[in-house]
Amino acid sequence: MSRPSVAELRPVVHPEGVKDRRSGEHWAGRLYMREISLRVDRYLVNTRVTPNQLTYLMVVAGVLAGAALLLPGLAGALLGALLIQLYLLLDCVDGEVARWRRQTSVTGVYLDRIGHYLSEAALLVGFGLRGADLWDGSEGPEWLWAFLGTLAALGAILIKAETDLVDVARSRSGLTAVKDEAAAPRSSGLALARRAAAALKFHRLVGGVEASLFILLVAIGDLIAGGGLFWTRLGIAVLAGIAILQTLLHLVSILASSRLR
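Residues numbered from 1 in each chain as written. Predicted model: local features only at pLDDT ≥ 70, side-chain atom pairs only at ≥ 80, totals over all residues. Heavy atoms only, no water.

A.B. asks: Before we move on, can you summarise the overall build of the chain with the specific residues and values?
C.D. replies: In terms of helices and strands, the chain carries 9 helices and 0 strands. When the elements of the chain are put in sequence order from the N terminus, they spell out α-α-α-α-α-α-α-α-α. Excluding contacts between residues fewer than 6 apart, the proportion of contacts in the chain whose partners are at least 24 apart in sequence is 80%. Summed over its atoms, the accessible surface of the chain is roughly 14000 Å², and 67% of this surface lies on carbon and sulfur atoms. (Helix = DSSP H or I, 4+ residues; strand = E, 2+ residues; numbered from the N terminus. Contact = heavy atoms within 4.5 Å. Areas by Shrake-Rupley, 256 points an atom, 1.4 Å probe, with all protein chains shown as cover.)

Spelled out as structure tokens, the structure:
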């Protein structure tokens, strides 16, 4: 069976609105990964590889990105960032293959969400363990940094859960899925604060792609500083603070909007 061309794939696997989803499409997907994934789709759509198997591979890549951070120095941070790019690629490809084959399913959506939870949490936990310096044989690990990394991971999971639980709550109440316009806070003051936070985009730093690039940046900082983990540990503290603050702000934003009405 001949491989479909990119032109044949595009209207099927990238239907109108896919790249424009407000909360469902990552900026890196819109910027470059969706174009790369189209080229990969050509080699997968006529194989026996299933969309769910691709999702499992996505999870493996994400979890390995966290494990890669245990490698000291710039190498671990660089490998983690590359594995997160593979994770993002597979996150695009699994749904595109499913759309081409008309194999989209509730199970696939569920596995995809679980994969995001596990992968992004693993990255932040790995960052915390990196800061703890597990391989320091002189004084032993400093577990405070592992704790803060785990705290950041918990916050990242809760932020996603707060969003997903809106649909759970509406479904159990017999309501339809929430629309984007319902996300606007009813209070003008909260609406202004939400726009300011969205403009700063600091909350994105606990997401997988952004966090991996941030981790790579602080690793470069440590290298320039002559070794040590000063910038890594500062980065862990920053991400933990952002995760806690964003968890609280996101909860307030949901409760103050029309998403639960």
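A.B. asks: Tell me what's going on with the nonpolar core, and back it up with residues and numbers.
C.D. replies: Membership of the largest hydrophobic core comes to 49 residues, with the highest contact counts inside it found for Leu123, Leu124, Phe127 and Val206. The element best represented in this core is helix H4 (residues 73–101), accounting for 11 residues. Here Phe127 is in contact with Leu69, Phe214, Ile215, Val218, Thr232, Gly235, Ile236 and Leu239, once residues within four sequence places are set aside. (Core = buried A, V, L, I, M, F, W, Y, C linked by side-chain atoms within 4.5 Å. Buried < 20%, exposed > 50% of the residue type's maximum accessible area, 1.4 Å probe, protein only.)

A.B. asks: Tell me what's going on with helix H6 (residues 143–172), and back it up with residues and numbers.
C.D. replies: Taking 1.5 Å of rise per residue, 30 residues should cover 44 Å, and H6 covers 41 Å from first to last C-alpha, within 8% of that figure. At Asp164, H6 shows its strongest bend, of approximately 25°. Where H6 ends, the next residue or the one after it, Gly174, has phi of about 80°, a positive value. (Expected span 1.5 Å × (residues − 1). Bend = angle between axes of the 7 residues up to and from the residue.)

A.B. asks: Give me the side chain of Ser212: which residues, what numbers.
C.D. replies: Tracing the backbone shows Ser212 in helix H8 (residues 208–224). A residue is classified by how much of its surface remains accessible, and Ser212, at 1% relative accessible area, is buried. When near neighbours in sequence (up to four residues on either side) are disregarded, Ser212 contacts Ala81, Ile84 and Leu123.

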